[in-house]
Structures are given as C-alpha cells and as structure tokens.
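Structure at a glance
Residues per chain are reported as follows:
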Amino acid sequence: MDRDIFNDFLSNDGSPHLGRNVDVITSSNEPDTSNSPCFIGGLGSSLCDKRVERISNNIYYEKYRKLKRTVKDFVFENAALCDEVARMQEKILIEKEERRYLLRKLQAFQAQKDGSSSTNAVSGGPSSGKNVCGENSELQSKKKSQAKKRPAPKGVGKLKNEGGKPKPKRRKVPADKRLVTPIPLDATGRPLFPIILGSLTIHSLGVIVSDRHGYHTEQCIYPVGFCSSRTYASLKNPTTQCLYQCTVTDSPFGPKFEITPEDDPGHSLVGNSPNEVHGSLLKALNTVIGKEVVSVEGQGAKFFGLSHPTVQNLIQSCAGARKCTDYRWVQFEVAKVAEGEEEHISKDFDPTINFEVLLHIIKENTLTVNTSTGVVVTR
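Residues numbered from 1 in each chain as written. Predicted model: local features only at pLDDT ≥ 70, side-chain atom pairs only at ≥ 80, totals over all residues. Heavy atoms only, no water.

Under an unreviewed UniProt entry, the name given to the protein is Transforming growth factor beta regulator 1, and the source organism is Trichonephila clavata. A UniProt comment under Subcellular location (unreviewed entry) is attached to the protein, and it reads "Nucleus". (UniProt positions renumbered as here; feature names shortened; annotations may be inferred.)

In structure tokens:
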C-alpha cells in the first residue's frame, strides 16, 4: 500500500513530481492537519480584520443615523419657524393698516374738532348763556340769531362783534393740513416705486435717523438713502433739459446732500444742507448764462422733493418719524382730482425748480445760446 502511495508522487521517468505537496503527506498513518488553525493562520487573521471592520462600520452607521435624524428635526423646526415668521409679518402688516386707518380717523376728528371750536369762538361760546344780567342774555340771543343766519358773502366783512373786530370766516381745512396727490399702491398698501410726480421722480425713501442731530428740522426729515431725480436746465447748455440725481447719504459729521448731473456725472455738487448744494447749482447756472436770471437762494428741500406733500406724507409714515422731536407734524389729505390733473396740482412754478419757467425767463431776457460751446450770450 505504501508502494502505491509513493508511486503516485513519482513521474514516469522515476523523478519526484513537483506538482504534489510531498511535505504534507508522508504516510497514510499521519493525521490530516488541513483543517488546523495553524495551517490557515493567514486566513484567520483576515477574517478577524473583516469582523473588526464590520463592527466599526456599524458604529459609524449608527452615528450617521443619529446625525441624519437630528438634521431632519432641525429642518422641520426651521420650516416651522419660517411659517411662524411669515404669519407674524402678515399680522404686522394688518396692524400697520389698522394703525393708519385709526390715524386717518383721528386726524379727521381733530380737523372736525378744530372747525367746531372756531365756530364756537365766532358765535360767542356756550358759556355766555350762564350770565345773570338781562343785557347779557339779550346779547346772547342776538349772537345766536346771527350764528343761525347765513349772511351773503358780500356782507361778511361788515359784520362786527361787540369789540369792533370783523367776524372771522370758518376754516374748512386747518392751516397745517395739506393736500396730496394719489399714488399707486400694492396689495399691502405700500407705494410702488418709482413714484412720478411731474418732473420729480422718487426712487427710494431711505431710512429715518432720529437719534442724531441734523437729520431732521422743523419742516423736513432727511432720511439716509433717499434718492430722487429731477429734470432741470443743463449746466452745459441751459436751454436743454438734464436729469439730476439727488441723494442723501450718511457721514460721521451729519447728512450729505449730493446732486449729480446725468450729462456730467464726474462733477457732482455736495453740501451739508439741501439749500447749500442747490444754491451751488444755481450759481453755476448763472455763471454759464453770464447773467443772474434766477436767485441763488437755494430751495433744496423742493428740488430734492423732500418738502413735496406726497413725499412728506410718505416719510411721516415711515418707522422712526415719531421720534424726530424737532419736526413739526403735518396733516395731509388725499386730493379728489380728476384724471390728468395730478401733474397740474404737483407742479411748482418756481424758476429755481421748474425748467419751463426758467426757459421762459431766459427767452424774456433776450438771450441766445452758442450751439458749439453751449454758452449763453446776450444779444
């Protein structure tokens, strides 16, 4: 039997067969150690490494699942917060509309109260009925009869009270109440920009600075970031129109007012007040014309559009307007005008503001313009 085993390891020429593992099997009585751990030591280490790698992968997978769950919760929470912010913004808009409605009602009530108080002052007041003397009661009855009667307009100046003063007329609109032209609004009641008011165009209202000196006066508020444009006479050729951009910017020393001509943007006029920069523009215009055709006293608030009733009403409605302590609050009322009459109402006939009026003055002064140089020369 051993002979047969060894014959299997020999080739035909009697030499050992190299393809067989003669070191493993030397006898049929030797135990088979092919399944021994020592025999497959390399294979066991690779299995252990795979097991350790699988365990570490499971740990990282659990961490990944926890992070994914946390991120998902944060996404849902963020969406809920965004929805809540949207609801709060909608509520704020509704509250603002209600506040504006109540403010208009309050202004109307104050105007009605002012009118009734002036009527009481004209008629002698209700306290005159408490006099005991018969003479005072007769005077009271006469005053009441005069108040009930409506005299003709011609005789109003002839009516006099006991003190010899003429009877004042009843004011329908208070002195501090101004008319504004209607402007287009969006669904939330906010104005749609740009706002076109004749030759004046408003591009931005800016932000009100109420806690610093110089950013508002008794007549106007100067919001930082305010931007408007107006057509006026060009400094190169005064008989042609030019678009001027007017802006209000911030600086450490107060607001800065700037006027930039469209045909020469590199030469901007800057000043510490709107009147100063507008006066510089008028001086430069008179220099080009060669004669003082307009006053150099600046009307900067008008030129910028800050004192325009519609713009002033919008600025008063902005946040921070109530904190401007030096500013005098003005009441406004929307004018009921027919279509096409808004431009006529908002038109200003000041030659320092209106180009058409300035051009008419230039023609009246018999001035001609050299088309080659753009300089105005007297005939």
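Here Phe 193 and Pro 194 are connected by a cis peptide whose omega angle stands at 0 degrees. Tracing the backbone through its elements, the reader meets Pro 194 in the loop between β1 (177-180) and β2 (195-197). (Helix = DSSP H or I, 4+ residues; strand = E, 2+ residues; numbered from the N terminus.)

Bringing the environment of Ala 108 into the picture now. Looking at the secondary structure, you find Ala 108 in helix α2 (residues 41-123). When its relative accessible area of 41% is taken as the criterion, Ala 108 is described as partly exposed. As a C-alpha pair, Ala 108 and Gln 331 span 223 residues in sequence and 9.4 Å in three-dimensional space. (Buried < 20%, exposed > 50% of the residue type's maximum accessible area, 1.4 Å probe, protein only.)

Moving on, we get to the pairing of strand β6 (residues 256-261). Looking along a regular strand, one sees the side chains alternate between the two faces of the sheet. By the bridge criterion, 6 bridges tie strand β5 (residues 241-249) to β6 in an arrangement that is antiparallel. By the bridge assignment for β6, Val 248 is matched with Phe 257. If you look at the hairpin formed by β5 and β6, you'll find 6 residues sitting between the two strands, and Gly 254 has a positive phi there, around 130 degrees. Pairing between β6 and strand β7 (residues 269-271): 3 bridges, direction antiparallel. (Pairing = 2+ DSSP bridges.)

Taken together, the side chains of Lys 96, Arg 99, Arg 190 and Arg 322 define a basic patch exposed on the protein surface. Within the secondary structure, Arg 99 sits in helix α2. (Patch = residues over 30% accessible without salt bridge, like charges linked within 9 Å, V, L, I, M, F, W, Y side chains within 5 Å. Areas by Shrake-Rupley, 256 points an atom, 1.4 Å probe, with all protein chains shown as cover. Salt bridge = Lys/Arg side-chain N within 4 Å of Asp/Glu carboxyl O. Lys, Arg positive; Asp, Glu negative; His and termini not counted. Charge placed at Lys NZ, Arg CZ, Asp CG, Glu CD.)

So, about the packing of aromatic side chains. Throughout the structure, instances matching the rule amount to 6 aromatic pairs. Ring centres 5.9 Å apart and planes at 90 degrees place the aromatic pair Phe 257 and Phe 304 in the edge-to-face group. With a gap of 47 residues between them, Phe 257 in strand β6 and Phe 304 in helix α5 (residues 300-304) connect regions that are remote in the sequence. Each member of the aromatic cluster is reached from another via a ring pair, and the members are Tyr 222, Phe 257 and Phe 304. The ring of Phe 303 carries the charged tip of Arg 230 above its face, separated from the ring centre by 5.6 Å. Over the ring of Trp 329 we find Arg 322, and its NZ or CZ is 3.8 Å from the ring centre. (Phe/Tyr/Trp six-rings, centres within 6.5 Å; stacked < 30°, edge-to-face > 60°. Lys NZ or Arg CZ within 6 Å of the ring centre and 35° of its normal.)

On inspection of all chains with the given rule, the structure shows 4 salt bridges. For Glu 84, the salt bridge goes to Arg 87, with nearest N and O atoms at 2.5 Å. Here Glu 84 and its partner Arg 87 are both found in helix α2, 3 residues apart, which amounts to about one turn of the helix. In this structure, Asp 250 engages Arg 212 in a salt bridge whose closest nitrogen and oxygen atoms are separated by 3.1 Å.

Looking now at helix α4 (residues 274-289). Here α4 contains 16 residues, and its C-alpha end-to-end distance of 23 Å stays within 8% of the 22 Å for a straight helix at 1.5 Å per residue. Turning to α4, its buried residues number three or more, namely Pro 274, Val 277, His 278, Gly 279, Leu 281, Leu 282, Leu 285, Asn 286 and Ile 289. Downstream of α4 by one or two residues, Gly 290 has phi in the positive range, about 90 degrees. (Expected span 1.5 Å × (residues − 1).)

Membership of the largest hydrophobic core comes to 46 residues, with the highest contact counts inside it found for Phe 226, Tyr 232, Phe 303, Phe 304 and Leu 358. Looking at which element gives the most residues to this core, the answer is helix α8 (residues 355-364), with 6 residues. (Core = buried A, V, L, I, M, F, W, Y, C linked by side-chain atoms within 4.5 Å.)

Within the secondary structure, Ser 228 sits in strand β4 (residues 227-233). Owing to a relative accessible area of 0%, Ser 228 belongs among the buried residues under this scheme. Ignoring anything within four residues of it in the chain, the contact list for Ser 228 reads Leu 200, Thr 201, Ile 202, His 203, Tyr 244, Gln 245, Cys 246 and Phe 304. (Contact = heavy atoms within 4.5 Å.)

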